[in-house]
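# Architecture at a glance
Each chain is listed here by its residues.
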Amino acid sequence: MHISRIAAEYFTTPHNRFNPVNKQHSQENQHPQVRNFVKVPSNFNYNANIHFGEFFDPNRTVPHIDYEEYMAMTPATKTRFRKRYLTFDKQVNKEQLVDKQMDYLPLKNEFLMDEFIKTSKIYSKYKDQPIICLGRSPKWFLNTALWMKDGIDDYKFVAFSKYWYRPDSTLGVKRLDSIAPTEKEEIAYMKYLKRIKADPKTIVDNMEKTGKKTVITDYICSGKGCTSFLDILSKYAEDLGILEKFAKSIQIVGIGSMDYMEELNPYSEDISTPKVYMPERLQPFEKDIKQEFYNMNYAMFREMLINQNTNECRSTYYPHETWTVYKPDRFKTGLIHDMKKVKEMVKNLKGDNKSMSSFTPAMYDYRNLLNFRILDGLFQRGILRSVHKSKI
């Protein structure tokens with residue numbers, strides 16, 4: 001879908017439907033020459049495709065907000081959205097939220113915003129390396145690193161959900177073949193990786209060309225999700241005859257909370273730092289795969305990783321059962337409960353540039369206000385980039 005020129009006025013006029021005023025006064029008495037327009041960034045394209053597949057539903061109260069829209073806001077508009085952020089729980093339709101109990105927006109506390117930015121800055125250490133965001137968990141942090149001064153210049157989002165490895169006291173993790181992807185699903189996912197250039201050959205070619213390893217980053221607790229992803233990649237690499245080269249071309253960067261680990265294991269005397277256990281094919285090369293783990297503030301962790309509403313509006317939920325059903329960059333969905341319904345929605349996708357989302361109006365508002373809050377937090381701290389070109 002596209003942002004219309006009319007939609008842009010939501011950000012450039014002080015009197016609009018997000019700021020309840022006398023309608024007659026705002027439309028008739030205000031002279032056009034005194035409207036508080038601002039200069040839209042030169043690289044902002046009103047007709048650009050919205051990567052999130054977003055449309056404006058009349059039931060929503062918040063328009064699309066990303067970097068370009070924030071940069072086009074006047075100070076008065078920013079003030080209105082700050083107030084809107086604080087009163088979200090009083091205005092939202094709670095029945096449309098994924099977690100109806102957690103109807104508040106995260107990061108209202110400035111300390112937690114500082115902690116969130118602190119974690120996002122971790123990725124600046126890897127700005128010269130290719131970065132793969134594995135699934136939805138690290139996405140808010142990487143988006144923020146993309147928007148901040150001295151942050152990263154780009155990253156690649158790879159949709160991936162669920163897992164087929166389980167923790168094992170002897171082996172670390174154990175593969176459960178009964179819940180693993182089928183051969184048909186694996187082939188479909190390998191085609192997806194090749195299409196977005198996150199496949200083993202691309203990773204190895206980059207290493208041979210630049211000497212830079214590709215960072216694979218994920219939220220790590222047991223590590224079983226990342227292990228499952230590496231299971232697919234290693235099989236792909238083995239088929240290409242580049243398994244050892246692939247192993248020497250990647251490193252793992254995990255984020256998580258040690259306090260949360262202790263909460264999960266209250267009777268354990270020793271909580272080990274979370275790590276990713278290698279799938280069988282990569283175990284001979286385990287010493288070649290560097291791993292790092294970054295601990296984060298527990299309260300912020302709960303708001304940004306455990307909060308189901310925050311989790312749901314990150315990006316596409318893409319378990320292996322859906323790998324043959326739709327392309328994750330065209331169909332945006334939260335947790336899937338009815339595959340028949342999903343398949344019916346996918347059939348309605350027509351044309352190369354269209355995309356569809358199953359998110360409710362309230363979840364769209366949630367996502368856009370959270371985008372605003374993060375961008376505004378960077379701006380208020382003087383670390384928001386003045387130029388940003390990557391599409392996320």
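Every chain is numbered independently, its residues counted from 1 as its sequence is written. pLDDT decides what is reported in this predicted model: residues at 70 or higher carry local features, side-chain atom pairs at 80 or more are listed and counted, and totals for whole chains, interfaces and linings draw on all residues regardless. The side-chain quantities take in all heavy atoms of the structure and omit both hydrogens and water.

### Comments concerning the environment of Thr 214
Selection criterion: The helix count covers DSSP runs of H or I at least four residues long, the strand count covers runs of E at least two residues long, and both are numbered beginning at the N terminus. Contacts are assigned to residue pairs with any non-hydrogen atoms lying within 4.5 Å of each other.
Looking at where Thr 214 falls in the secondary structure, it is placed in strand β5 (residues 214-219). Distance from Thr 214 to Ala 198, taken between C-alpha atoms, is 9.6 Å for residues 16 residues apart in sequence. Contacts of Thr 214, omitting those with residues within four sequence positions, involve Pro 130, Ile 132, Ile 203, Asn 206, Ser 249, Ile 250 and Gln 251.

### Structural notes on the pattern of salt bridges
Basically, it comes down to this: What counts as a salt bridge is simple: a side-chain nitrogen of Lys or Arg found within 4 Å of a carboxyl oxygen of Asp or Glu. When a residue's accessible area, from a 1.4 Å probe over protein chains only, is under 20% of the maximum for its type it is buried; when over 50% it is exposed; and in between it is partly exposed.
With the rule as written, the count across this model stands at 20 salt bridges. Its salt-bridge partner being Arg 381, residue Asp 114 comes within 2.7 Å of it at the nearest N-O pair. Of the two residues, Asp 114 sits in helix α6 (residues 110-120) while Arg 381 sits in the segment after α16 (361-380), which places them 267 residues apart along the sequence. By relative accessible area, Asp 114 is classed as partly exposed at 39%. Look at Arg 381 and you get partly exposed, because its relative accessible area is 26%. Here Glu 292 ties to Lys 290 by a salt bridge, and the two come within 4.0 Å at their closest N and O atoms.

### Points about the environment of Met 258
The topology assignment puts Met 258 in helix α12 (residues 258-264). Measuring from C-alpha to C-alpha, the distance between Met 258 and Cys 221 comes to 8.8 Å, with 37 residues separating the pair along the chain. In this structure, Met 258 is in contact with Ile 271, Ser 272, Thr 273, Pro 274, Phe 293 and Asn 295, ignoring residues within four places of it in sequence.

### A word on helix α10 (residues 224-240)
Quick reminder of the rule: Expected helix span is computed as 1.5 Å times (number of residues minus one).
Taking 1.5 Å as the rise per residue, α10 with 17 residues should run 24 Å; its terminal C-alpha atoms sit 24 Å apart, in good agreement. At the C-terminal side of α10, Gly 241 shows a positive phi close to 75 degrees.

### Some remarks on the pairing of strand β6 (residues 250-256)
As a reminder, the rule being used: We treat two strands as partners when DSSP finds at least two bridges between them. When the strands point away from the viewer, a crossover counts as right-handed if the route from the first strand across the helix to the second turns clockwise.
In terms of burial, β6 is a largely internal element, 7 of the 7 residues being buried. Alternating positions in β6 separate into two faces, Ile 250, Ile 252, Gly 254 and Gly 256 on one and Gln 251, Val 253 and Ile 255 on the other, with burial throughout. Sheet topology places β5 next to β6; 6 bridges connect them, and they run parallel. Each bridged residue has a counterpart across the sheet, and for Ile 216 the counterpart in β6 is Ile 252. Across 5 bridges, β6 lies against strand β7 (residues 291-295) in parallel orientation. The residue bridging Ile 252 from the neighbouring strand is Gln 291, located in β7. Since β6 and β7 lie parallel, the crossover through α12 that links them has a hand, and here it is right-handed.

### So, the packing of α6 against helix α13 (residues 298-306)
Spelled out, the test is: Simply put, an axis is a line fit to the C-alpha atoms, just over the touching stretch for a helix, and the angle between two N-to-C directions goes from 0 to 180 degrees. For classification, angles of less than 35 degrees are called roughly parallel, those exceeding 145 degrees roughly antiparallel, those between 65 and 115 degrees roughly perpendicular, and all remaining angles oblique. Side-chain classes follow a simple rule in which Ala, Val, Leu, Ile, Met, Phe, Trp, Tyr, Cys and Pro form the nonpolar group, Asp, Glu, Lys and Arg form the charged group, and the remainder, Gly included, forms the polar group.
In the contact formed by α6 and α13, the axes pass within 9 Å of each other and the chain directions differ by 80 degrees. In this view, α6 runs roughly perpendicular relative to α13, as classed from their interaxial angle. Contact with α6, carried on its side by Leu 112, Glu 115, Phe 116 and Thr 119, involves Ala 299, Met 300, Glu 303 and Met 304 of α13 and no other residues of that element. Residues belonging to the contact of α6 with α13 are distributed by class as follows: 5 nonpolar, 1 polar and 2 charged.

### A closer look at the packing of aromatic side chains
Note on aromatic pairs: each is described by the distance of the centres and the angle between the planes. Where we set the bar: Here a pair means two rings of Phe, Tyr or Trp (six-membered ring of Trp) with centres within 6.5 Å. Their orientation is stacked below 30 degrees between planes, edge-to-face above 60, and tilted elsewhere. Over a ring means this: the NZ of a Lys or the CZ of an Arg is within 6 Å of the ring centre and within 35 degrees of the ring normal.
Per the counting criterion, the structure on display carries 18 aromatic pairs. Residues Tyr 318 and Tyr 326 carry aromatic rings whose centres are separated by 5.5 Å and whose planes lie at 50 degrees to one another, so their mutual orientation is tilted. With a relative accessible area of 5%, Tyr 326 lands in the buried category. What links up through ring pairs into an aromatic cluster is the set Phe 160, Trp 164, Tyr 189, Tyr 192, Phe 229, Tyr 318, Trp 323 and Tyr 326. The ring of Phe 379 carries Lys 78 above its face, with NZ or CZ at 3.8 Å from the centroid.

### Examining the confidence of the model for the protein chain
Stated formally: The quantity called pLDDT is the predictor's confidence in a given residue, expressed from 0 to 100.
Per-residue pLDDT for the protein chain averages 83, and the proportion of residues at 70 or more is 80%. Note on residues 1-55: pLDDT is under 50 here. Beyond four places in sequence and across chains, it has 96 contacts.

### Side note on the nonpolar core
So the rule is basically this: Only buried residues count toward a nonpolar core. Its members are Ala, Val, Leu, Ile, Met, Phe, Trp, Tyr and Cys residues joined through side-chain atoms within 4.5 Å.
Ranked by size, the top nonpolar core spans 105 residues in total, and within it Phe 116, Tyr 189, Leu 193, Ile 216 and Leu 230 carry the most contacts. A total of 10 residues in this core trace back to one element, the largest contributor, which is α16.

### Section: unusual backbone geometry
In this structure, Leu 107 is a non-glycine residue whose phi angle is positive, near 60 degrees. Locating Leu 107 in the fold gives a position in the loop between α5 (88-91) and α6. If you check the backbone angles, Lys 162 has positive phi at about 70 degrees while not being a glycine. Turning to its location among the elements, Lys 162 is positioned in the loop between β2 (156-158) and β3 (165-168). Residue Lys 162 is classed as partly exposed on the basis of its relative accessible area, which comes to 38%.

### Focus on helix α15 (residues 339-347)
The following threshold applies: For this quantity, the arc is that covered by the directions from the helix axis to the C-beta atoms.
All of the buried residues along α15 are Val 342, Met 345 and Val 346. Buried positions in α15, seen along its axis, are confined to an arc of 100 degrees and lie on one side of it. For α15, the exposed residues set more than 90 degrees away from the buried face come down to Lys 340, Lys 341, Glu 344 and Lys 347.

### Observations concerning the side chain of Ser 120
Here Ser 120 lies in helix α6. Judged by its relative accessible area of 0%, Ser 120 falls in the buried class. When residues no more than four places from it in sequence are discounted, the contact partners of Ser 120 are Phe 141, Thr 144, Ala 145 and Met 148.

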